[in-house]
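Read off the chains here:
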Amino acid sequence: MGCEHGVICKKCGHRFTARFGGGLTFHLLHCDRCGKERVVWFRELGELHLRYLKGLDGPYCVATTNHDRWVQENYPGEPIGKEEYLQGVERFAGKCICGGKFRFDASPRCPKCGSDDFEMDPDAPMAYYD
Ligand SMILES: [Zn+2]
Ligand SMILES: [Zn+2]
């Protein structure tokens with residue numbers, strides 16, 4: 001689901017590793033100002049994540065099928081839709097020390113100059129995590 005890749009900043013030429021997407025057990029958000037990463041574990045979300053699972057038609061992911069089905073059949077809370085869930089996760093992630101907000105659609109930024117304009121580094125291997 002998520003992957004990380006070495007990239008080169010088009011502005012200053014700095015090479016860094018950018019991570020995209022979340023994993024099986026967490027979400028990966030970025031600050032909409034400085035691009036800092038914020039990892040939010042599903043278990044930290046508690047009720048919010050359970051309510052989202054309950055609202056799904058099937059499992060969130062094949063690897064978590066048993067757990068997700070158990071939640072769908074046994075969790076007594078009200079299900080919520082994706083929009084509401086994503087907003088809830090962003091609210092949970094809160095604010096970055098720079099004053100920006102952690103968001104799903106914010107992209108990683110160059111740690112040196114803050115630019116979000118970068119290209120894939122052809123010499124860096126693509127790595128997938130779960
Ligand atoms: Zn920030
Ligand atoms: Zn840069």
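Heads up: the structure comes first, above all this text.
Summarised in this report is the structure supplied together with it. Please read all numbers here as calculations on a predicted model, not as lab measurements.

What follows is about the overall build of the protein. Along the backbone of the protein there are 4 helices and 7 strands. Listing each helix as α and each strand as β along the protein from the N terminus yields β-β-β-β-α-α-α-α-β-β-β. With respect to the three principal axes, the spread of C-alpha positions in the protein is 50 × 35 × 20 Å. Relative to its full complement of 130 residues, the protein shows a buried share of 22%. Sequence separation of at least 24 residues holds for 63% of the intrachain contacts in the protein that already meet a minimum separation of 6.

All right, on to the sheet that holds strand β4 (residues 37-41) then. An order of β4-β3-β5 is seen for the 3 strands of this open sheet, with the pairing classed as antiparallel. Strand pairing shows two members of the sheet lacking a second neighbour, β4 and β5 (102-103), which therefore form its edges. Across 5 bridges, the pairing between strand β3 (residues 26-31) and β4 is antiparallel. By the bridge assignment, His 27 is partnered in β4 with Val 40. Here helix α4 (residues 82-93) sits on the sheet and contacts β3, β4 and β5; the angle it forms with β4, its principal contact strand, is near 115 degrees.

Let us now look at the nonpolar core. With 9 residues, the main nonpolar core is built from Leu 28, Leu 29, Cys 31, Val 40, Val 89, Ala 93, Cys 96, Phe 102 and Ala 106. Secondary-structure elements contributing two or more residues to this core are β3 and α4. Top element by residues in this core is β3. It accounts for 3 residues. With near-sequence residues (within four places) excluded, Leu 28 lies in contact with Gly 2, Arg 19, Gly 21, Gly 22, Glu 37 and Val 39.

Residue position: Tyr 75 is located in the loop between α3 (65-74) and α4. Each C-alpha atom, one on Tyr 75 and one on Leu 50, is 7.3 Å from the other, the two residues being 25 residues apart in sequence. Setting aside residues no more than four positions away along its own chain, Tyr 75 makes contact with Leu 50 and Lys 54.

What follows concerns the packing of helix α2 (residues 47-55) against α3. The description of two packed helices rests on the angle between their axes and on the distance between the axes. Between α2 and α3, the least distance of the axes is 8 Å, while the angle of their chain directions is 90 degrees. One element, α2, and the other, α3, form an angle in the roughly perpendicular class. In contact with Leu 50, Leu 53 and Lys 54 of α2, α3 contributes Asp 68, Val 71 and Gln 72. Of the residues contributing to the contact of α2 with α3, the split by class is 3 nonpolar, 1 polar and 2 charged.

Burial along β4 is one-sided: Arg 38 and Val 40 are buried, while Glu 37, Val 39 and Trp 41, pointing the other way, are not. Where β3 hands over to β4, the hairpin turn is made up of 5 residues, of which Gly 35 adopts a positive phi near 85 degrees.

Scoring rules and cut-offs
Residues numbered from 1 in each chain as written. Chains lettered and ligands numbered in written order. Predicted model: local features only at pLDDT ≥ 70, side-chain atom pairs only at ≥ 80, totals over all residues. Helix = DSSP H or I, 4+ residues; strand = E, 2+ residues; numbered from the N terminus. Buried ≥ 20, exposed ≤ 12 C-beta atoms within 10 Å, placed from the backbone. Contact = placed C-beta atoms within 7 Å. Pairing = 2+ DSSP bridges. Axes fitted to C-alpha atoms, helices over the stretch in contact; angles between N-to-C directions. Core = buried A, V, L, I, M, F, W, Y, C linked by C-beta atoms within 7 Å. Parallel < 35°, antiparallel > 145°, perpendicular 65-115°, else oblique. Nonpolar A, V, L, I, M, F, W, Y, C, P; charged D, E, K, R; others polar.

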